[in-house]
Amino acid sequence: MNLILLGAPGAGKGTQAEVICAAKGIPAISTGNMLREAVKNGTESGLAAKKYMDAGELVPDEVVIGILKDRIAEPDCKGGFILDGFPRTVPQAEALEKMGVNIDKVIEIYVPDEKIAERLGGRRVCESCGNSYHVVYKPTKVEGVCDACGGRVVIRKDDEPATVLERLKVYHEKTAPLKDFYEKRGKLRTVVGQEEVAETSRLTLEAVNA
Ligand code: ADP
Ligand code: ZN
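Notes on the structure follow. Along each chain, residue indices are assigned from 1 in the same order as the chain's sequence is written. Chain letters and ligand numbers both follow the written order, the letters beginning at A and the numbers at 1. Local features in this predicted model are restricted to residues whose pLDDT is 70 or higher, and side-chain atom pairs enter the listing and the counts only when it is 80 or higher, whereas totals over whole chains, interfaces and linings include all residues. To obtain the side-chain values, all non-hydrogen atoms of the structure were included, while hydrogens and water were left out.

1. Things to note about the pattern of salt bridges
Then comes step 1: In what follows, salt bridge is the name for a side-chain nitrogen of Lys or Arg lying within 4 Å of a carboxyl oxygen of Asp or Glu. Inspection of every chain in the model, using the stated rule, returns 19 salt bridges.
Then comes step 2: Here glutamate 74 ties to arginine 71 by a salt bridge, and the two come within 3.5 Å at their closest N and O atoms.
Then comes step 3: The partner of aspartate 147 in a salt bridge is lysine 141, with the nearest N and O atoms 3.9 Å apart.
Then comes step 4: Between buried and exposed lies partly exposed: a residue is buried under 20% and exposed over 50% of the maximum accessible area for its type, with that area taken using a 1.4 Å probe on protein chains only. Owing to a relative accessible area of 75%, lysine 141 belongs among the exposed residues under this scheme.
Then comes step 5: Residues joined in a network through salt bridges with shared partners are Arg123, Arg156, Asp158, Asp159 and Arg167.

Now the structure itself:
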C-alpha cells in the first residue's frame with residue numbers, strides 16, 4: 001500500500017505517519033526529516049536546501065524529487081510506504097506519476113490555520129532521530145530527552161513565528177492545490193485533526209483501512 005499524507009505544517013502528519021507505520025509495517029518517509037539530516041551531514045543536497053528551509057520556503061523540486069526517488073528505490077519500500085511531506089507541489093506529484101508509482105490513498109489531515117500557530121509554537125524535535133513532540137499534546141517522558149533514542153529534543157529553527165506564517169502561506173499557494181489533483185483521481189480522504197492525538201489516529205487508521 002502506497003500512501004500520501006497531506007496537510008499544513010504542524011497538522012500532525014509526522015505523528016500519524018508513525019501510527020500507520022506501526023499498524024501496517026510499512027516505512028514512513030519524511031522528506032523534511034531527510035532534508036534536515038542532509039543539512040546536518042553537510043551533503044550536497046543539504047547545502048542546496050538549507051537556505052530555503054530556514055526561510056520557510058520550499059526546497060527546489062529537482063532536489064527533493066531526486067532524494068525521494070532514491071529513497072523509494074530502497075528494499076524496505078517494496079511492500080509499500082507512507083509519504084509525509086511529499087509531494088508538496090503539483091510538479092512533484094506529476095514526477096511521482098512519471099516514476100510509475102501508484103498511490104492508493106491520499107489522507108489529508110485538516111487543521112484550521114488558527115490552530116497551527118499554537119501547535120508549532122509548542123513543537124519540539126529530536127536532533128538525532130527526528131521524532132517530534134509537543135510540550136502540551138505530546139510531551140517527552142523526561143524533559144528535553146527523546147523517548148525513542150535518548151537524543152536531545154530541541155525547537156526547530158523554522159518553527160519561529162514569522163517563519164511559521166511564511167510556511168502557511170506557501171502551503172496554501174503551492175501544496176493545497178494537490179487536494180484537487182488527487183480529488184480528481186478519486187484518491188483524497190480528509191481526516192479532521194482532533195484535540196486528542198489518539199482520536200485523530202483512530203480516524204486516520206479508519207481512512208487507511210476503508
Ligand atoms: P512541516 O510539514 O512541519 O512544514 P517538514 O519537516 O515536512 O515540515 O519540512 C520542513 C521543510 O523542508 C519545509 O519547510 C521545506 O523547506 C522542506 N521540504 C520538505 N519536504 C519538501 C518537499 N516535498 N518539497 C520542497 N521542500 C520540502
Ligand atoms: Zn530521538
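Continuing now.
2. A short note on the layout of surface pockets
Then comes step 1: The computed volume of the second largest pocket comes to approximately 500 Å³.
Then comes step 2: Considering the residues around the second largest pocket, the lining is formed by 19 residues, among which Arg36, Glu37, Lys40, Val125 and Arg156 are closest to the centre.
Then comes step 3: Those elements giving two or more residues to the lining of the second largest pocket turn out to be α2 (31–41), α3 (44–55) and β5 (123–126).
Then comes step 4: The leading source of residues in the lining of the second largest pocket is α2, at five residues.
Then comes step 5: Considering only residue class, the lining of the second largest pocket consists of seven nonpolar, three polar and nine charged. Residues are called lining when one of their atoms sits within 4 Å of a cavity or pocket point, these points coming from a 1 Å grid over the protein atoms alone, where a cavity is a set in which a 1.4 Å probe fits but cannot get out and a pocket is an open set with protein on both sides within 12 Å along at least five of seven lines. Grid points are joined across faces, edges and corners, and a volume is the space filled by probe spheres set on the points. The way it works is that DSSP assigns letters per residue, a run of H or I at least four long becomes a helix, a run of E at least two long becomes a strand, and they are numbered from the N terminus. Note that Gly is not counted as nonpolar here; it falls among the polar residues with everything else outside the nonpolar set of Ala, Val, Leu, Ile, Met, Phe, Trp, Tyr, Cys and Pro and the charged set of Asp, Glu, Lys and Arg.

3. What about the packing of helix α6 (residues 113–121) against helix α7 (residues 161–175)?
Then comes step 1: In this description, a line fitted to the C-alpha atoms serves as the axis of each element, helices being fitted only across the stretch in contact, and the angle between N-to-C directions of two axes falls anywhere from 0 to 180 degrees. The N-to-C vectors of α6 and α7 enclose an angle of 140°; their axes lie 11 Å apart at closest approach. Relative to α7, the element α6 is oriented oblique. Seen from above, α6 lies across α7 with right-handed handedness. Contacts from Asp113, Ile116, Ala117 and Leu120 of α6 reach α7 at Val164, Arg167, Leu168 and His172.
Then comes step 2: Each residue belonging to the contact of α6 with α7 can be placed in one class, and the counts come to five nonpolar, one polar and two charged. Throughout, the term roughly parallel applies to angles under 35 degrees, roughly antiparallel to angles over 145, roughly perpendicular to angles from 65 to 115, and oblique to all others. Whether a crossing is left-handed or right-handed is set by the direction in which the near helix is turned from the far one by less than a right angle, anticlockwise for left-handed and clockwise for right-handed. Residues are treated as being in contact if the distance between any of their heavy atoms lies within 4.5 Å.

4. Observations concerning the packing of aromatic side chains
Then comes step 1: By convention, a stacked pair of Phe, Tyr or Trp rings (six-membered ring in the case of Trp) has centres within 6.5 Å and planes under 30 degrees apart, an edge-to-face pair has planes over 60 apart, and any other such pair is tilted. Summed over the entire model, instances satisfying the criterion amount to one aromatic pair.
Then comes step 2: Summarising the aromatic geometry, the rings of phenylalanine 181 and tyrosine 182 are spaced 4.9 Å apart at their centres and angled 75° between planes, so their arrangement reads as edge-to-face. Judged on exposure class, the residue phenylalanine 181 and its partner tyrosine 182 are both buried.
Then comes step 3: Note that lysine 138 overlies the ring of tyrosine 133, its terminal NZ or CZ placed 5.4 Å from the centroid. The rule is short: NZ of Lys or CZ of Arg within 6 Å of the ring centre and within 35 degrees of the ring normal puts a charge over the ring.

5. Comments concerning a nonpolar patch on the surface
Then comes step 1: A contiguous nonpolar patch, built from Val135, Val136, Tyr137 and Val197 and spanning about 320 Å² of accessible area, is present on the exposed surface.
Then comes step 2: Mapped onto the elements, valine 197 comes out in helix α9 (residues 197–209).
Then comes step 3: Accessibility expressed as a relative area gives 32% for valine 197, which makes it partly exposed. Exposure above 30% relative accessible area and the absence of a salt bridge qualify a residue for a patch, where like charges join within 9 Å and nonpolar side chains (Val, Leu, Ile, Met, Phe, Trp, Tyr) within 5 Å. Every accessible area reported is derived by Shrake-Rupley at a probe size of 1.4 Å, with residue values counting cover from the shown protein chains alone.

6. Notes on the side chain of asparagine 131
Then comes step 1: In this structure, asparagine 131 sits in the loop between β5 and β6 (132–134).
Then comes step 2: Setting aside chain neighbours within four positions, we find asparagine 131 in contact with Glu18, Arg124, Val125, Cys126, Cys146 and Ala148.

7. Points about the state of the cysteines
Then comes step 1: Cysteine sulfur atoms are paired as a disulfide whenever they come within 2.5 Å of each other. Throughout the structure, instances matching the rule amount to zero disulfides.
Then comes step 2: Among the cysteines around cysteine 21, which has no disulfide bond, cysteine 77 carries the closest sulfur, lying 11 Å off.
Then comes step 3: By relative accessible area, which is 28% here, cysteine 21 ends up partly exposed.

8. Brief notes about the site of ligand 1
Then comes step 1: For this purpose, a residue is taken to be near a molecule or strand whenever a single non-hydrogen atom of the residue falls within 4 Å of it. Close contacts around ligand 1 come from 20 residues, with Thr31, Arg36, Glu57, Gly85 and Arg167 the closest.
Then comes step 2: Side-chain atoms alone can form a polar contact between residues adjacent in sequence; in general such a contact is a pair of N or O atoms within 3.5 Å, and within protein one must be able to donate a hydrogen while the other accepts it. One of the side-chain N or O atoms of arginine 36 is found 2.9 Å from an oxygen atom in ligand 1.
Then comes step 3: Against a free-state accessible area of 540 Å², the protein chains account for coverage of 97% of ligand 1.
Then comes step 4: With four residues, α2 is the largest single contributor of residues to the shell around ligand 1.
Then comes step 5: Considering only residue class, the shell around ligand 1 consists of seven nonpolar, five polar and eight charged.

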